[in-house]
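Letter by letter, the chains look like this.
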Amino acid sequence: MAKKTVAKLVIDGVIEEKNETYCQKWILEQLEVITKDKNNGALLLFINSPGGAVYESDGVFEAVLKYKNETKRPVYAYFASLAASGGYYIGCAADKIFANRNCLTGSIGVIAGRFVDLTELMKKHGIKAETVHAGRNKIMGSFTEPVTEEQRKIMQSIADECYEQFTGIVSASRGIEIEKVRELADGRIYTAAQAKKNGLVDEVLNFDDAKKLVYEEVFGDRDYKQDLKEYKYKHKPSLLKKLLKESSWGGSLGKLDALTEIAVKSARLPFPAFYYDSGRF
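So, a few notes on the structure that sits alongside this text.

What counts and how
Residues numbered from 1 in each chain as written. Predicted model: local features only at pLDDT ≥ 70, side-chain atom pairs only at ≥ 80, totals over all residues. Heavy atoms only, no water. Helix = DSSP H or I, 4+ residues; strand = E, 2+ residues; numbered from the N terminus. Buried < 20%, exposed > 50% of the residue type's maximum accessible area, 1.4 Å probe, protein only. Areas by Shrake-Rupley, 256 points an atom, 1.4 Å probe, with all protein chains shown as cover. Lys, Arg positive; Asp, Glu negative; His and termini not counted. Salt bridge = Lys/Arg side-chain N within 4 Å of Asp/Glu carboxyl O. Contact = heavy atoms within 4.5 Å. Phe/Tyr/Trp six-rings, centres within 6.5 Å; stacked < 30°, edge-to-face > 60°. Pairing = 2+ DSSP bridges. Right-handed = clockwise from strand over helix to strand, strands pointing away. Patch = residues over 30% accessible without salt bridge, like charges linked within 9 Å, V, L, I, M, F, W, Y side chains within 5 Å. Charge placed at Lys NZ, Arg CZ, Asp CG, Glu CD. Axes fitted to C-alpha atoms, helices over the stretch in contact; angles between N-to-C directions. Parallel < 35°, antiparallel > 145°, perpendicular 65-115°, else oblique. Nonpolar A, V, L, I, M, F, W, Y, C, P; charged D, E, K, R; others polar.

This part covers the overall build of the protein. What the protein contains, in helices and strands, is ten helices and ten strands. When each of the 281 residues of the protein is scored for burial, the buried share is 43%. Accessible area of the protein: about 15,800 Å², with a carbon and sulfur share of 54%.

You can see Asp58 is positioned in helix H2 (residues 54-71). Despite being buried, Asp58 has no salt bridge partner; Lys68 is the closest side chain of opposite charge, sitting 13 Å away. In this structure Asp58 touches Tyr89, Gln165 and Ile169, once residues within four positions along its chain are discounted.

The geometry of an aromatic ring pair is captured by the separation of the ring centres together with the interplanar angle, meaning the angle of the planes. If you walk through the whole model with that rule in mind, you get nine aromatic pairs. When the ring of Phe46 is compared with that of Phe207, the centres are 5.4 Å apart and the planes differ by 85°; the resulting orientation is edge-to-face. Of this pair, Phe46 sits in strand E2 (residues 40-49) while Phe207 sits in helix H8 (residues 207-219), and the two are 161 residues apart along the sequence. Taking the relative accessible area as the measure of exposure, Phe207 reaches 17% and is therefore buried. With centroids separated by 6.1 Å and ring planes inclined at 50°, the aromatic side chains of Tyr215 and Phe219 adopt a geometry described as tilted. Here Tyr215 pairs with Phe219, and both are found in helix H8, just four residues apart, close to one helical turn. Residue class for Phe219 comes out partly exposed when judged on its relative accessible area of 22%.

Next up on the list: the pairing of strand E4 (residues 75-84). Taken across its ten residues, E4 has eight buried, putting it largely inside the fold. Here six bridges tie E2 to E4, and the two strands are oriented parallel to one another. The partner of Leu45 across the bridge, within E4, is Ala77. One crossover worth recording links E4 to the parallel strand E5 (residues 96-99) by way of helix H3 (residues 86-91), and it is right-handed. Across three bridges, E4 lies against strand E6 (residues 104-106) in parallel orientation. By the bridge assignment, Ala84 is partnered in E6 with Gly106.

Here we take up a negative patch on the surface. The grouping of Asp117, Glu120, Glu130 and Glu145 at the surface amounts to a negative patch. Within the secondary structure layout, Asp117 lies in the loop between E6 and helix H4 (119-124). Among the residues examined, Asp117 registers a relative accessible area of 40% and is labelled partly exposed.

Each pair of packed helices can be summarised by the angle the axes make with each other and by the distance between the axes. Closest axis-to-axis distance for the helix H1 (residues 24-36)/H2 pair is 10 Å, and the angle between their directions is 5°. The angle between the axes of H1 and H2 places the two elements in the roughly parallel class. Residues Gln24, Ile27, Leu28, Leu31, Glu32, Ile34 and Thr35 of H1 pack against Glu56, Gly59, Val60, Ala63, Val64, Lys66, Tyr67, Glu70 and Thr71 of H2. A class-by-class count of the residues in the contact of H1 with H2 yields eight nonpolar, four polar and four charged.

This paragraph deals with the pairing of strand E1 (residues 5-12). In terms of burial, E1 is a largely internal element, seven of the eight residues being buried. Taken together, the eight bridges between E1 and E2 define a ladder with parallel strand orientation. Bridged to Ala7 within E2 is Leu43. Taking the sense of rotation as the criterion, the β-α-β connection linking E1, H1 and E2 turns out right-handed. As paired elements, E1 and strand E9 (residues 229-231) share three bridges and run parallel to each other. Bridge pairing links Lys8 to Glu230 in E9.

Spelled out as structure tokens, the structure:
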């Protein structure tokens, strides 16, 4: 009979639909696999993330809760060098949170959008732009239109609602009064020691010691002779990217590709794409 195992699910990088270190679909699929694994005895989330999108962060959080409810198995979270904002949000699904002593965590807050108004610059250079639309707030966030007070209030209301959801989850999962959570949740990051003092994590220790504690609680043996069963996303670059990387043009085009990605994300941010984030965008 096979020995019970602990699944180590790695949450690495910016939490969004897909990038080179993270894939939402893959994460959710692995949670289903782990749930159905009869030899699985517990789940250990290994989190090293600055945060990311609200939709994906909450999706993983709910999927982990589903694992707990269906299997009745314990969930642990280990925070590596960084577990901020959306990374901390996902960690709240765990029964216990461990953090490396050099970890930065917290950053409990929401970025709802960014308005960039280029109308004065366009006017200076004789550039005119006009968008035909119906509904006065339909093009809210366009850099060719000045932001209105009504639009500020709209975006603030969305940020406030996401913030209430986030702080409510922290309060419920960590057993901290909501008033205290709001005091802590001003968007700042905390060291591991500060996080423990404020009740945001349970223990500060290295990964090997955290693993031993998990083994002791799950199997009653700190020296359990079975390694973790690791689930880590491996990005498969497209054939075009492989060819570019191997060519003399690869370096320059790689930088251009990265800049293009940043530009696209920056351009879309004013629209409804909300982030539990520590300054990534």
